[in-house]
Amino acid sequence: MNVSNYILALVSYGEKTGLTHVDDRDYIINGLLEAMELDAFDENAEPAPAELHEILAVLTEDAVSWGIIEDNSVARDLFDTKLMGILTPRPHQVRGHFASLYAQSPKTATDWFYRFSQDTNYIRRDRIAKDQKWQYTCEYGTLDITINLSKPEKDPKAIAAMGRAPQSGYPKCALCATNEGYAGRMNHPARQNHRVIPMTMNGSSWYLQYSPYVYYNEHCIALNGAHTPMKIDRAAFCKLLDFVEQFPHYFMGSNADLPIVGGSILSHDHFQGGHHTFAMAAAPVEREISFRGFADIHAGIVRWPMSVLRLTGKNRERLTDLAERILAVWRGYTDERVSIFAQTDGVPHNTITPIARMVSGQYQLDLVLRNNLTTAEHPMGLFHPHEELHHIKKENIGLIEVMGLAVLPARLDTELKQLRQAILTRQDIRSQESIAKHADWCDALCSRYSFTPGNIDHILREEVGKVFLQVLLDAGVYKRTAEGQAAFLRFTEAVGQPG
């Protein structure tokens, strides 16, 4: 097999997936030859029998060996995305096709766009398949646990090349719509194979895309057309409800707008949604709440480790009015008895993580109360995973975790394998730098279990699940105790109840 076989295999892939048309074959071949810096092609070649990731790996390796690109992981990703960009239809074609399918049904349109985003290799199926996933059933429902392995770790050569790369203010961030078609650079991903769908939310310009890392089914992102910071306010509630009205089979939520309790990108207003039922969505209302002046809105406290108010109603304006009132009261609410402070030294602490969905023809908002207070004992956040859990999870608890899906760091995949071996062979875990952080946890497990090769994997996964549950309990502002729930009711009374 030579390079012509693999170029033809890529062309055939484009035709089979509908990215390209057979009439474009010569044009696509010549575009790929240009990218490979070749001036000849074997017209008698047959397509190499290979999967997409194998085709791209061979062509990228050729580019390295010929000196076209540097030999590092980032340069390889930039190059294979360039190749896929040659196959990817222009934005107006994608948007036109999406609109024609949306006229049939919103789900038909998103089904196609999700598959398209995988076919272009923007969502890398081969990498997503490496993610570790399991479930943990607890008193609050079935939590999803994932170890994310699809986001590639940069090798030392790539890190060095990134340090040499010039800084650029374009695109302003990884979420800006101007990423569509961008060639990328050593410190910014290539996006020639990326397409976004324009939409209007609350009268403003927004775009729909999918996450390249797909933490759950049809993990999509709605992003503001303007590079503007995250802000939870009435307009945010309106936008979320606009989205689920346009795509009623999807939920849509927002990270909070403050550090520690927010997401990783606070500089660009965006939401995350998709076609997945999280444990929090399935959790029932355990205590109904009646807010003064809102008899038409069904409200209540959700049975969940974190502190969630659920609002459901047919009138979205009324639902938004109540959500806005709850947010306004929470922003200024202090209850020193349970260490909730609206602000300290002029720094605000209270905000909300909101999630919208359509349920049986009604609008529904889950409002998760958040607080980012730090203390001497908990410098990373009082309502953040506490230090004894950091060996498993110390990153921010954002929207996805709030709803019941643990996005755990890639390091855990290797560390759990090392722990397995160390436990079964009775090694000194504290003497091994890479897993010493887990020593106290493992001591506790070994005092409770008799580990065997047949049960250790199940036990470790169950115990990781228990840690994630505790992470959520730590992040809850009102604890699942009599004192905590009484304090939660004091807040709802402050919002306003009859009598």
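See the structure shown above.
Chains are numbered independently. Their residues run from 1 in the order of the written sequence. For this predicted model, a pLDDT threshold of at least 70 governs which residues receive local features, and a threshold of 80 or more governs which side-chain atom pairs are given and counted, while totals over whole chains, interfaces and linings are taken from all residues. Water and hydrogen atoms were dropped before computing side-chain values, which therefore reflect all heavy atoms in the structure.

**Student:** Where do I start with the overall build of the protein in this structure?
**Tutor:** Helix and strand assignments come from DSSP, with helices taken as H or I runs of at least 4 residues and strands as E runs of at least 2, each series counted from the N terminus. When its secondary structure is counted, the protein shows 16 helices and 15 strands. It is over C-alpha atoms that the radius of gyration is taken, and the globule rule equals 2.2 Å times the number of residues to the power 0.38. Relative to its length of 499 residues, the protein is compact, with a C-alpha radius of gyration of 25 Å against a globular reference of 23 Å. C-alpha atoms of the protein, sized along the principal axes, occupy 85 × 60 × 40 Å. Within the protein, the fraction of its 499 residues that count as buried is 55%. At a minimum sequence separation of 6, the contacts of the protein that also span at least 24 residues come to 64%. Here's how the labels work: a residue is buried when its accessible area is under 20% of the maximum for its type, exposed when over 50%, partly exposed in between, all with a 1.4 Å probe on protein chains only. A contact between two residues is defined here by any heavy atoms of the two lying within 4.5 Å.

**Student:** What is the right way to read the state of the cysteines from this model?
**Tutor:** Every disulfide links exactly two cysteines, by a covalent bond between their sulfur atoms. Any pair of cysteine sulfurs within 2.5 Å is marked as a disulfide. By the definition in use, this model includes 0 disulfides. Cysteine C220 is unpaired, with the sulfur of C173 as its nearest cysteine sulfur at 17 Å. Considering cysteine sulfurs only, C442 is the nearest to C446, which forms no disulfide, with 6.1 Å between them.

**Student:** I would appreciate a short explanation of the layout of surface pockets in the present structure.
**Tutor:** If a probe the size of a water molecule is rolled over the atoms, the empty space left behind becomes visible. The pocket and cavity definitions rest on a 1 Å grid over protein atoms only: a 1.4 Å probe that fits but cannot leave marks a cavity, an open set with protein on both sides within 12 Å along at least five of seven lines marks a pocket, and residues lining either have an atom within 4 Å of a point. Grid points are joined across faces, edges and corners, and a volume is the space filled by probe spheres set on the points. By volume, the second largest pocket is sized at about 440 Å³. Forming the walls of the second largest pocket are 19 residues, and the residues nearest its centre are G85, I86, T88, P89 and R90. Looking at the lining of the second largest pocket, the elements with two or more residues in it are α2 (25-35) and α4 (73-87). Here the element with the most residues in the lining of the second largest pocket is α4; it accounts for 4 residues. Here the lining of the second largest pocket is built from residues that sort into 6 nonpolar, 9 polar and 4 charged. Gly counts as polar in this scheme, as do all residues outside two lists: the nonpolar Ala, Val, Leu, Ile, Met, Phe, Trp, Tyr, Cys and Pro, and the charged Asp, Glu, Lys and Arg.

**Student:** Whenever I open this one, the nonpolar core confuses me. Can you help?
**Tutor:** Nonpolar side chains in soluble globular proteins tend to be buried together. Of all hydrophobic cores here, the largest spans 90 residues; its most connected members are L10, F243, I326 and Y478. In terms of residue count, helix α1 (residues 3-17) provides more of this core than any other element does, 8 residues in total. The residues touching F243, leaving out its near neighbours within four places in the chain, are M199, M201, L208, C220, Y250, F251 and M252. Only buried Ala, Val, Leu, Ile, Met, Phe, Trp, Tyr and Cys residues count toward a nonpolar core, and they belong to the same one when joined by side-chain atoms within 4.5 Å.

**Student:** Explain the pairing of strand β4 (residues 204-210) to me, please; I cannot follow it from the model alone.
**Tutor:** It is a general feature of regular strands that their side chains alternate between the two faces of the sheet. Counting buried positions along β4 gives 5 out of 7 residues, so the element sits mostly inside the fold. The criterion for strand pairing is that DSSP finds at least two bridges linking the strands in question. Direction of pairing for strand β3 (residues 197-201) relative to β4: antiparallel, over a ladder of 5 bridges. Directly across from M199, in β4, lies its bridge partner W206. Between β3 and β4, which follow one another and run antiparallel, lie 2 residues, and N202 among them has a positive phi close to 55°.

**Student:** What is the right way to read α1 from this model?
**Tutor:** Side chains that are three or four residues apart share a direction in an α-helix, a result of its 3.6 residues per turn. Take the residue count of a helix, subtract one, and multiply by 1.5 Å to get its expected span. Under the 1.5 Å per step criterion, the end-to-end length of α1 is 21 Å for 15 residues, consistent within 8% with the ideal 21 Å. With 12 of 15 residues buried, α1 lies mostly within the body of the structure. Among the residues of α1, those classed as buried are V3, S4, N5, Y6, I7, L8, A9, L10, V11, S12, Y13 and G14. Looking at the buried side of α1, the elements it contacts are α2, α3 (52-65), α4, α6 (106-119) and α7 (125-128). Pairs of N or O atoms are called polar contacts if they sit within 3.5 Å, as long as, within protein, a hydrogen donor faces a hydrogen acceptor (for residues adjacent in sequence, only side-chain-to-side-chain pairs). At the N-terminal boundary of α1, the capping side chain belongs to N2, with an oxygen 2.9 Å from the backbone nitrogen of S4.

**Student:** Just to check I follow, could you spell out unusual backbone geometry for this structure?
**Tutor:** Leaving glycine aside, a negative phi is the common case for residues, and trans is the common case for peptide bonds. Cis rather than trans, the peptide bond between Y170 and P171 has omega equal to -20°. Positioned with a positive phi, N121 is a non-glycine residue whose angle comes to about 70°. Positionally, N121 belongs in the loop between α6 and α7. Residue N121 is classed as buried on the basis of its relative accessible area of 7%. Positive phi outside glycine occurs at I260, with the angle close to 75°.

**Student:** Looking at this structure, I do not really get the sheet that holds β4. What am I missing?
**Tutor:** In a beta sheet, neighbouring strands pair by backbone hydrogen bonds and run either parallel or antiparallel. As summarised here, the arrangement of the 10 strands in space is β3-β4-β5-β7-β6-β13-β14-β10-β9-β8, forming an open sheet in which the pairing is antiparallel. Edge strands, defined here as strands with exactly one partner in the open sheet, are β3 and β8 (285-289). When strand polarity is set aside, the average angle formed by the axes of neighbouring strands in this sheet is 25°. Where strand β6 (residues 251-253) lies against strand β7 (residues 270-274), 3 bridges are found, and the strand directions are antiparallel. From the neighbouring strand, G253 faces β7, where its bridge partner is Q272. Docked against the sheet, helix α5 (residues 91-104) engages β3 and β4, running at close to 55° with respect to β3. Helix axes use the C-alpha atoms of the stretch in contact, all axes being lines fitted to C-alpha atoms, and the angles between their N-to-C directions lie in the range 0 to 180 degrees.

Limitation: the analysis is restricted to geometry and does not speak to function.
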